[in-house]
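Analysis of the macromolecular model
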Amino acid sequence: MSRFWVGGNLLLAFLAELVALGIFAWWGWSAGGSTFDRWVLVVLLPLATAVVWGQFAAPTAPRGTPVRRWTVKVLVFGLAGAALWSLGHPLLAMGFVVVVAANLLIIHTQKLQP
């Protein structure tokens, strides 16, 4: 297996995580009422997601078990897709979820975890 294949898939996984955080911030801005509420959601939603990800889904997560990792990944990416859909972008949401699912499947079946 080439380094390009491994590195490319791991890079895509990392970019998908960053995109999910961005989607949560975008959704937070659109969901908030006042400007203050919007900024709170823009900061807290991605931050809370990153903390949960770091504790349970990251490759070196201290509380990560295989079941917890998959549960958190499915929840985070699924909720990001749902948030994108609710923002009025159903095709982007479906594309995001399909790309993430394919990437996770490749990483899992070919054991590409760092």
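Residues numbered from 1 in each chain as written. Predicted model: local features only at pLDDT ≥ 70, side-chain atom pairs only at ≥ 80, totals over all residues. Heavy atoms only, no water.

**Brief notes about the overall build of the protein chain**
Applied cut-off: Helix and strand assignments come from DSSP, with helices taken as H or I runs of at least 4 residues and strands as E runs of at least 2, each series counted from the N terminus. As defined in this context, the radius of gyration uses C-alpha atoms, and a globule is described by 2.2 Å times the residue total to the power 0.38. Note on classification: 1.4 Å probe, protein chains only; a residue is buried when its accessible area is under 20% of the maximum for its type, exposed when over 50%, partly exposed between these limits. Per-residue and other accessible areas follow the Shrake-Rupley method at a 1.4 Å probe size, with only the shown protein chains counted as cover for residues.
For the protein chain, the count of helices and strands is four helices and zero strands. Reading the helices (α) and strands (β) of the protein chain from amino to carboxyl end gives α-α-α-α. Its C-alpha atoms give the protein chain a radius of gyration of 15 Å, near enough to 13 Å, the size a compact globule of 114 residues would have. Its C-alpha atoms put the protein chain at 50 × 35 × 20 Å along the principal axes. Per-residue burial over the protein chain gives 29% buried out of 114 residues. Within the structure as shown, the protein chain displays about 7,200 Å² of accessible surface, and the carbon and sulfur contribution to it stands at 76%.

**A look at the side chain of T49**
The test is simple: The contact rule is simple, with two residues in contact once any of their heavy atoms fall within 4.5 Å.
Structurally, T49 is set in helix α2 (residues 35-57). Non-local contacts of T49, meaning those with residues more than four positions away in its chain, are made with L21, F24 and V76.

**Things to note about the nonpolar core**
As a reminder, the rule being used: To define a nonpolar core, start from buried Ala, Val, Leu, Ile, Met, Phe, Trp, Tyr and Cys residues and group those joined through side-chain atoms within 4.5 Å.
Core analysis: the biggest nonpolar cluster contains 18 residues, and W53, F77 and F96 have the highest contact counts within it. Secondary structure elements with two or more residues in this core: α1 (3-31), α2, α3 (66-86) and α4 (90-109). Ranked by residue count, the leading element in this core is α3, at six residues. Once residues within four sequence positions are removed from consideration, F96 is found in contact with A16, V19, A20, I23, F77, A80, G81 and L84.

**Comments concerning α1**
Keep this limit in mind: What a helix should span is 1.5 Å times the count of its residues minus one.
Taking 1.5 Å per residue as the helical rise, α1 with its 29 residues ought to reach 42 Å, and the 42 Å between its terminal C-alpha atoms agrees with that figure. Within the span of α1, buried status applies to N9, A13, A16, A20, I23, F24, A25 and G28. Its buried side turned inward, α1 meets α2, α3 and α4.

**A closer look at a nonpolar patch on the surface**
Definition in use: Only residues whose relative accessible area exceeds 30% and that take part in no salt bridge are eligible for patches, with like-charged residues grouped when within 9 Å of each other and nonpolar side chains (Val, Leu, Ile, Met, Phe, Trp, Tyr) grouped when within 5 Å. By convention in these notes, a salt bridge is any Lys or Arg side-chain nitrogen within 4 Å of a carboxyl oxygen on Asp or Glu.
A cluster of nonpolar residues, W29, W39, V43, L44, L47 and V51, forms a patch on the protein surface that exposes about 590 Å² of accessible area. Among the elements that take part in the nonpolar patch, α2 stands out by supplying five residues, more than any other. Along the chain, W29 falls in helix α1.

**A short note on the packing of aromatic side chains**
Working definition: an aromatic ring pair is given by the centre-to-centre distance plus the angle between the planes. What counts is decided by this rule: Between the rings of Phe, Tyr and Trp (Trp by its six-membered ring), a pair exists once the centres lie within 6.5 Å; its type follows the angle of the planes, with under 30 degrees stacked, over 60 edge-to-face, and the other angles tilted.
Under the definition given, this model contains three aromatic pairs. Where W29 meets W39, the ring centres are 5.2 Å apart and the plane angle is 70°; that geometry is what we call edge-to-face. Of this pair, W29 sits in helix α1 while W39 sits in helix α2; the two residues are ten residues apart in sequence, bridging distant segments of the chain. Judged by centre distance (5.5 Å) and plane angle (70°), the ring pair of W53 and F77 falls under edge-to-face. Remark: F77 occurs in helix α3 and W53 occurs in helix α2; sequence separation between them is 24 residues. With a relative accessible area of 11%, W53 lands in the buried category. With a relative accessible area of 7%, F77 lands in the buried category. Ring-pair connections join several aromatic residues into one group, and the members of that group are W53, F77 and F96.

Shape descriptors only; they carry no functional weight alone.
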